[in-house]
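Given next are the chains, with one letter for each unit.
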Amino acid sequence: LKHVALQSAPAAAPAMGVSLSFLDEEEQAEAAPPPPGSAECLRQRARLLEGNREALGEEHPSYSKTINELAWVYAELGDFDRAEDLCLEAKLVVEEKQGTKSRSYSAVLANLAGLFATMGAYHRALPLYEEARALDLELYEESHPGKVSTMHNLGGMYVEMGRYTEAEILFLGCEDLLRTTCPPGDPTLAVLQHSLASLYTKLGRYQKAEELFKSALRIKEDAFGKLDVSYANTVAGLAALRMETGDLQEAEKYFGKAMKILAKLIGDDGDAYVAMLLNHGMLKEKQGNYAEAEEHITRALECHSKVHGKKHPMHAAAMHGLAVVYEATGDTRRSLSCLREAQKVQSTAVSEEHPLFAETLKTRALLFETECQWEKAEEQYRQAREIQKRVLGTNHPSYASTLVSMGSAKDKLGRLAEASALYSEAEAILKGRGEEETPEFATVLHHQALILQKKGQLEDADFLLLRSQKIRRRCLGDEHVQVAFSVLALGQLYQAMADFPRAEPRFLRAIEMFAVSPGEHHLVYGTALNAAGSFYDDQGNTVKALSFYIQARSVLEEAVGNGHPAYASVLSNLGAAYARNNEFAKAEPLYQQALAIQENVLGCHHPSYAATLGNMAVLKEKQGNFRGAEELYLQSLELKIQVMGADSPSVATTKHNLAVFYDASGDAQQAEKLYNEAQEIYVKSFGDHHPAFKDVQQKLKTLKTPRV
């Protein structure tokens, strides 16, 4: 009787130095009749079995075996209704002829469970597997290999449901049984090794997964050759593991090899090929190739849905993959639509304790961030973290990734201490796992650098950003969107350090990269334009600054609307540029609009709100409204100290501006005090060669020079 067992889905893993060169097998396959596993071959098999079934009759001892095999042929052809009818018929025949306490009855239960699992009906499969497992324990001796198939299938079921600890116990039990009954090179052992490797990849035990995939691949190559579906599945496992460990170039290579084998053997619409196409689409998304990612995932979704419908867990996985792609390209509406459908399927097909459900929650949180629904985003992240904590543990890379996402959200709200603590926790997890050269670790370094920059520790920030950029380039390639973020962050850092020759080319390069991916209508492209405008503004090139600000405002209004913090930021910067040109009538309404957005979305205790207050204070001073200017300066200063700390360069800038205000007002004592405080922060943050330090130094000399 055929079992689904010992044929798990591909997992994830790194390359192992196994040769993947093709010999003469491909050419031999060209001239072969319908290849095993192809639709035509399956149809031929179905016709043969239907004939056998009629010839045997219900009384024949092999009748139930024949209809079980026929059921699986129909399942592989996508006719699940016919397959289910046949499996139920086999169950009734065995129940009548041999009773419910027989090994044959255990086998038909496992077969029916396997069919339900293939259909994605896990809630129907699980009790049948558990019943078959209990019966095996009763009927077989402790060391009998007959228990292995159902144990393995039940373990696979637990993996699909995210019950990893229970799955590992069963897989290791299978391994113990097989090692006592099978020779070292037995293909059954290789399939079990593949399943364990897949599980260990999900658990983040990458080294152990690699060892098992390597062993499984060698056994399969010896047993079946390289032109084999099972061999291709393990190659795909290597590809997925490489994807998890951040070696995307190697992942691409292995996916290509596996898909080439499957296309020859089963065509490009078979289940195994379609599953691989979906994983390849996920890889394209990680590479930043969003157009190809959408194309691959959409095609996989269409092929799979034709056969399995829209209630299968893989349908949910594909919808989640599309949601990630649409979020990355700024299409919030379609991303949310895909997420809703993914969650709807997951709520019935898999447990809400499944790690995939946690990933969907994280993507939804990111979308809430885009819409500035901070409380909803925080709740989604919290739920995702709790699921991962229970299912994966607190040493898993996915748990670390969630901590980084939570930290980023808190950073955007100006809660720097909380963000820093989350980043440090994620760093400790990844370091403890020896994963200091992965894209995930690079992301942690990047975010930590941004915190350090806000605190004025610029040299430390530079070191971390350069290290992060190096890791990203090595793992992701020079043109990846994550590398573009590194380039932009370095431009902004060098601007803060007044190293303008190094800053300018980085701003322009980042804009160029973002224009390609994710495109000129995306939030990040508008943000990069705004940042470049700020750079030219700092240099006094108001004409060029205004050009970039106006472009940024247009892009951001289209991408995220006129109520988003990024839109408020460009309004504030645009207002400051007009104020410097003494175009007060243009500047003031822009500031007021920016403050209204920031107060509504970020609250009144955010660095961006404080910065706009400071800009408004400069405007009031220029307009001659000195009392109003002083109030705004002091309010901005108090907020910045609360949120960013007393030693932040942003605090120094506000003290510097307030000192200039008191100096002009004739309050030399207050001016000198603030100049000295600002100078102390500047020298600590930038050194004594920075223009900001030199500017304050000169103003102090002028202040102390007797006035005639």
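By convention here, each chain's residues receive numbers from 1 onward along its written sequence. The predicted nature of this model means local features are confined to residues of pLDDT at least 70 and side-chain atom pairs, given and counted, to a pLDDT of 80 or more, with totals for whole chains, interfaces and linings taken over all residues. For side-chain calculations, the full set of non-hydrogen atoms in the structure is used, while hydrogens and water are omitted.

Q: Help me out: how do you make sense of the overall build of the protein in this one?
A: Along the protein, the regular secondary structure elements total 33 helices and zero strands. Over its C-alpha atoms, taken along the principal directions, the protein stretches across nearly 120 × 50 × 40 Å. Throughout, exposure labels follow a simple rule: accessible area from a 1.4 Å probe, protein chains only, divided by the maximum for the residue type, with under 20% read as buried, over 50% as exposed, and the rest as partly exposed. Considering the protein as a whole, with its 708 residues, one finds that 55% of them fall into the buried category. It only takes one pair of heavy atoms within 4.5 Å for two residues to be counted as in contact. For the protein, long-range pairs separated by at least 24 residues make up 63% of all intrachain contacts whose partners lie at least 6 apart in sequence. The Shrake-Rupley method, run with a 1.4 Å probe sphere, supplies the accessible areas, and residue values consider only the shown protein chains as cover. Roughly 30000 Å² of accessible area belongs to the protein as shown, and the carbon and sulfur atoms make up 50% of that amount. We count a stretch as a helix when DSSP gives it H or I for four or more residues in a row; a strand needs E for two or more, and each element gets its number in order from the N terminus.

Q: Before we go on, may I ask you to explain helix H8 (residues 164-181) in this structure?
A: An α-helix turns once every 3.6 residues. As a result, residues three or four positions apart point the same way. Helix span is expected to be 1.5 Å times the residue number reduced by one. With 18 residues, H8 extends 26 Å between its outermost C-alpha atoms, agreeing within 8% with the 26 Å of an ideal straight helix rising 1.5 Å per residue. When H8 is considered as a whole, its buried residues turn out to be Tyr164, Ala167, Glu168, Leu170, Phe171, Gly173, Cys174, Glu175, Leu177 and Leu178.

Q: In this structure, what is going on with the pattern of salt bridges? I would like to understand it.
A: Here, a salt bridge means any side-chain nitrogen of Lys or Arg that lies within 4 Å of a carboxyl oxygen of Asp or Glu. All chains considered together, the criterion is met by 32 salt bridges. Between arginine 509 and glutamate 512 there is a salt bridge; the shortest N-O distance is 2.6 Å. Taken together, the residues span about one helical turn, with arginine 509 and glutamate 512 both in helix H24 (residues 500-519) at a distance of three residues. With relative accessibility at 26%, the residue arginine 509 sits in the partly exposed group.

Q: What am I meant to see in unusual backbone geometry here?
A: Trans is the common state for peptide bonds, and a negative phi is the common state for residues other than glycine. The omega torsion across serine 517 and proline 518 is 15 degrees, close enough to zero to call that bond cis. Inspection of the secondary structure assignment puts proline 518 in helix H24. Positive phi outside glycine occurs at alanine 498, with the angle close to 60 degrees. Positive phi, close to 60 degrees, is recorded for asparagine 582, a residue that is not glycine. Relative to the assigned elements, asparagine 582 resides in the loop between helix H27 (565-580) and helix H28 (584-601).

Q: What is the right way to read the environment of alanine 384 from this model?
A: Of note, alanine 384 is situated in helix H18 (residues 374-391). Taking relative accessible area as the criterion, alanine 384 reaches 0% and is therefore assigned buried. C-alpha separation for the pair alanine 384 and leucine 613, spaced 229 residues apart in sequence, amounts to 36 Å. In this structure alanine 384 touches Ala358, Leu361 and Lys362, once residues within four positions along its chain are discounted.

Q: Sorry, what's going on with the packing of aromatic side chains here?
A: Given two aromatic rings, their pairing is described by the distance between the two centres and the angle made by the two planes. Aromatic pairs are defined between Phe, Tyr and Trp rings, using the six-membered ring for Trp, whenever the two ring centres lie within 6.5 Å; interplanar angles under 30 degrees are classed as stacked, those over 60 as edge-to-face, and all others as tilted. With the rule as written, the count across this model stands at eight aromatic pairs. With centroids separated by 5.2 Å and ring planes inclined at 35 degrees, the aromatic side chains of phenylalanine 507 and phenylalanine 535 adopt a geometry described as tilted. In this pair, phenylalanine 507 is assigned in helix H24 and phenylalanine 535 in helix H25 (residues 523-538), connecting sequence segments 28 residues apart. In this pair, the class of phenylalanine 507 matches that of phenylalanine 535, namely buried. By way of ring pairs, the aromatic residues Phe500, Phe507, Phe535, Tyr536 and Phe548 are connected into one cluster. Only lysine NZ and arginine CZ atoms are considered, and such an atom sits over a ring when it is within 6 Å of the ring centre and within 35 degrees of the ring normal. Lying over the aromatic face of tyrosine 206, arginine 433 brings its terminal NZ or CZ to 5.4 Å of the ring centre. Over the aromatic face of tyrosine 494 sits the side chain of arginine 502, whose NZ or CZ is 3.9 Å from the ring centroid.

Q: Got a minute to help me understand the packing of helix H31 (residues 649-665) against helix H32 (residues 668-686) in this structure?
A: Pairs of packed helices are described in terms of their axes, by the angle between the two and the distance that separates them. For the pair H31 and H32, interaxial distance at closest approach is 8 Å and the crossing angle is 155 degrees. With respect to each other, H31 and H32 are oriented roughly antiparallel. Pair H31 / H32 crosses with left-handed handedness. In this structure, H31 contributes Pro649, Val651, Ala652, Thr653, Lys655, His656, Leu658, Ala659, Val660, Tyr662 and Asp663 to the contact, and H32 contributes Gln670, Ala671, Leu674, Tyr675, Glu677, Ala678, Ile681, Tyr682, Ser685 and Phe686. Under the scheme applied here, ten amino acids are nonpolar (Ala, Val, Leu, Ile, Met, Phe, Trp, Tyr, Cys and Pro), four are charged (Asp, Glu, Lys and Arg), and all others, including Gly, are polar. When grouped by side-chain class, the residues that make up the contact of H31 with H32 number 14 nonpolar, four polar and three charged. Note on method: axes are straight lines fitted to C-alpha atoms, helices fitted across the in-contact stretch only, with angles between N-to-C directions ranging 0 to 180 degrees. Here the word oblique covers every angle except those under 35 degrees (roughly parallel), over 145 (roughly antiparallel) and from 65 to 115 (roughly perpendicular). In this scheme the handedness of a crossing depends on how the near helix is turned from the far one: anticlockwise by less than a right angle means left-handed, clockwise means right-handed.

Q: When you look at the environment of alanine 585 in this model, what are you seeing that I'm missing?
A: By the element assignment, alanine 585 lies in helix H28. For alanine 585, a relative accessible area of 71% corresponds to the exposed category.

Q: Which parts of the structure should I look at to understand H32?
A: For H32, with 19 residues, the first-to-last C-alpha span of 26 Å sits near the 27 Å given by 1.5 Å per residue. Taken residue by residue, H32 has Ala671, Leu674, Tyr675, Ala678, Gln679, Ile681, Tyr682, Ser685 and Phe686 as its buried positions. Tucked inside the fold, the buried residues of H32 contact helix H22 (458-476), helix H23 (481-496), H31 and helix H33 (691-704). Among the residues trailing H32, glycine 687 stands out with phi positive, at a value near 90 degrees.

Q: How should the packing of helix H19 (residues 397-412) against helix H20 (residues 416-432) be read in this particular structure?
A: Following both chains from N to C, one finds H19 and H20 inclined at 165 degrees, their axes separated by 8 Å at the closest point. Classified by the interaxial angle, the pair formed by H19 and H20 is roughly antiparallel. In terms of crossing hand, the pair formed by H19 and H20 is left-handed. Contacts between H19 and H20 pair Pro397, Tyr399, Ala400, Leu403, Val404, Met406, Gly407, Ser408, Lys410 and Asp411 from the former with Leu416, Glu418, Ala419, Leu422, Tyr423, Glu425, Ala426, Ile429 and Leu430 from the latter. Per-class residue counts for the contact of H19 with H20 are 13 nonpolar, two polar and four charged.

Q: Explain the side chain of histidine 320 here, please?
A: Topologically, histidine 320 is positioned in helix H15 (residues 313-328). What makes histidine 320 buried here is its relative accessible area of 9%. Not counting residues within four places of it along the chain, the set of residues in contact with histidine 320 comprises Leu339, Ala342, Leu356, Glu359, Thr360 and Thr363.

Q: It is not clear to me how the confidence of the model for the protein should be interpreted in this structure. Could you clarify?
A: For any part of a model where pLDDT is low, the fine detail of the predicted coordinates should not be relied upon. Note: pLDDT gives the predictor's confidence per residue, expressed from 0 to 100. Here the protein averages 85 in pLDDT, and 92% of its residues register 70 or above. Between the elements of the protein, mean pLDDT differs from a low of 38, seen in helix H1 (residues 25-30), to a high of 95, seen in H23. Here residues 1-32 is a poorly scored stretch, pLDDT under 50, and it has 108 contacts once near neighbours within four places are set aside; other chains count.

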